[in-house]
Amino acid sequence: MKILVATRNEHKLDEIRDMLVFPGLELVSVDDFGELPEVDEDGDTFEANAAKKAVTLAQASGCWSLADDSGLEVDALEGAPGIYSARYAGVDGDDDANNRKLLKAMTGVTNRQARFRCALVLSSPEGVTRSVDGACEGLILHALVGEAGFGYDGLFAPIGHDRSFGEFSADEKNQISHRRIALDAARREWGELLSADN
């Protein structure tokens with residue numbers, strides 16, 4: 001079975017390949033195909049954005065497609081930045097600005113509960129979808145700690161750990177991350193399908 005993974009991020013693709021290992025399963029990236037449409041992630045949930053990407057690329061490529069959408073939810077901010085995590089400060093992918101805005105929003109806030117959340121959606125070429133979800137609970141720190149990772153990693157300490165994700169190695173983070181939890185769920189729930197000779 002061949003699945004198109006809706007990403008150009010080689011790190012993410014490698015992580016998914018490491019987790020979804022089944023006989024006969026081949027995971028390919030969008031770079032392995034010709035022209036594919038860009039997808040405007042305008043859904044109001046992580047699952048809606050992932051589903052839009054997965055369905056659009058599955059229908060355009062004629063190949064099963066797997067997409068994810070993920071971000072940070074902070075309880076004291078009513079779930080923000082949420083689906084806007086990458087562009088929280090207004091510019092997509094500006095980690096420094098996003099972190100500064102989050103720290104400012106959390107000034108004087110005692111409830112530091114937060115989670116990284118990941119929605120994974122698998123779509124058939126006909127647009128039939130299956131979805132799983134993963135979350136990593138933690139706390140928002142009062143300052144950036146560590147230089148590893150990306151996004152909000154330096155501000156997030158997962159529950160049960162006294163370090164931020166910015167201090168974790170990639171392998172350490174991948175053992176407990178929201179994407180890892182979602183991929184574990186995908187292995188359990190989609191194993192029979194992913195092992196099928198489609």
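In what follows, the structure referred to is the one given above.
K.L.:
Explain the overall build of the chain to me, and be specific about the residues and the numbers.
P.N.:
The secondary structure content of the chain amounts to five helices and six strands. Mapped from its N terminus to its C terminus, the chain presents α and β elements in the order β-α-β-α-β-α-β-β-β-α-α. Over its C-alpha trace the chain gives a radius of gyration of 17 Å, about what one expects of a compact globule, namely 16 Å for 198 residues. Summarising its shape, the C-alpha atoms of the chain cover approximately 55 × 30 × 25 Å along the three principal directions. Considering the chain as a whole, with its 198 residues, one finds that 47% of them fall into the buried category. Here the contacts in the chain between residues at least 6 apart in sequence split such that 60% fall between residues at least 24 apart. Carbon and sulfur atoms provide 47% of the accessible area of the chain, an area that totals close to 9,800 Å². One way to put it: in the chain the 20 positive side-chain charges average out to a point 3 Å from where the 36 negative ones average out.

K.L.:
Could you give me a rundown of the side chain of Lys173, with the residues and numbers involved?
P.N.:
As for its position among the elements, Lys173 is in helix 4 (residues 170-176). Dropping the residues within four chain positions of it, Lys173 is found in contact with Phe150, Asp153, Phe165 and Phe168.

K.L.:
Now, about the nonpolar core: what can you tell me, with residues and values included?
P.N.:
With 23 residues, the main nonpolar core has Ile3, Leu20, Leu120 and Leu194 as its most contacted residues. Leave out the neighbours within four places in its chain, and Leu20 touches Leu25, Leu27, Leu66, Leu183, Ala186, Arg187 and Leu194. Counting residues in hydrophobic clusters, the runner-up holds 15 residues, among them Val74, Cys136, Tyr152 and Leu155.

K.L.:
Provide a residue-level description of the sheet that holds strand 5 (residues 129-140), including the pertinent values.
P.N.:
Taken together, the six strands give an open sheet; going across it, the order is 2-1-3-4-5-6, and neighbouring strands pair in mixed fashion. If you trace the sheet from one side to the other, it starts and ends with strand 2 (26-29) and strand 6 (156-158), each paired once. Each strand of the sheet is rotated relative to its neighbour by a mean of 35°, with strand direction disregarded. Pairing geometry for strand 1 (residues 2-5) and strand 2, over four bridges, is parallel. Bridge pairing links Lys2 to Glu26 in strand 2. Sheet contacts for helix 1 (residues 10-19): strand 1, strand 2 and strand 3 (64-74); angle to strand 2, the most-contacted strand, approximately 170°.

K.L.:
Now, about the packing of helix 1 against helix 5 (residues 178-194): what can you tell me, with residues and values included?
P.N.:
Between helix 1 and helix 5, the shortest axis-to-axis distance is 10 Å and the interhelical angle comes to 40°. One element, helix 1, and the other, helix 5, form an angle in the oblique class. Relative to helix 5, helix 1 is oriented so that their crossing is right-handed. Seen from helix 1, the contacting residues are Lys12, Glu15, Ile16 and Met19; seen from helix 5, they are Arg179, Arg180, Leu183, Asp184 and Arg187.

K.L.:
Got a sec to walk through the environment of Glu167? Specific residues and values, please.
P.N.:
Structurally, Glu167 can be placed in the loop between strand 6 and helix 4. Measuring from C-alpha to C-alpha, the distance between Glu167 and Asp42 comes to 32 Å, with 125 residues separating the pair along the chain.

Rules used throughout
- Residues numbered from 1 in each chain as written.
- Predicted model: local features only at pLDDT ≥ 70, side-chain atom pairs only at ≥ 80, totals over all residues.
- Heavy atoms only, no water.
- Helix = DSSP H or I, 4+ residues; strand = E, 2+ residues; numbered from the N terminus.
- Rg over C-alpha atoms; globule rule 2.2 N^0.38 Å.
- Buried < 20%, exposed > 50% of the residue type's maximum accessible area, 1.4 Å probe, protein only.
- Contact = heavy atoms within 4.5 Å.
- Areas by Shrake-Rupley, 256 points an atom, 1.4 Å probe, with all protein chains shown as cover.
- Lys, Arg positive; Asp, Glu negative; His and termini not counted.
- Charge placed at Lys NZ, Arg CZ, Asp CG, Glu CD.
- Core = buried A, V, L, I, M, F, W, Y, C linked by side-chain atoms within 4.5 Å.
- Pairing = 2+ DSSP bridges.
- Axes fitted to C-alpha atoms, helices over the stretch in contact; angles between N-to-C directions.
- Parallel < 35°, antiparallel > 145°, perpendicular 65-115°, else oblique.
- Left-handed = near helix turned anticlockwise from the far one by under 90°.

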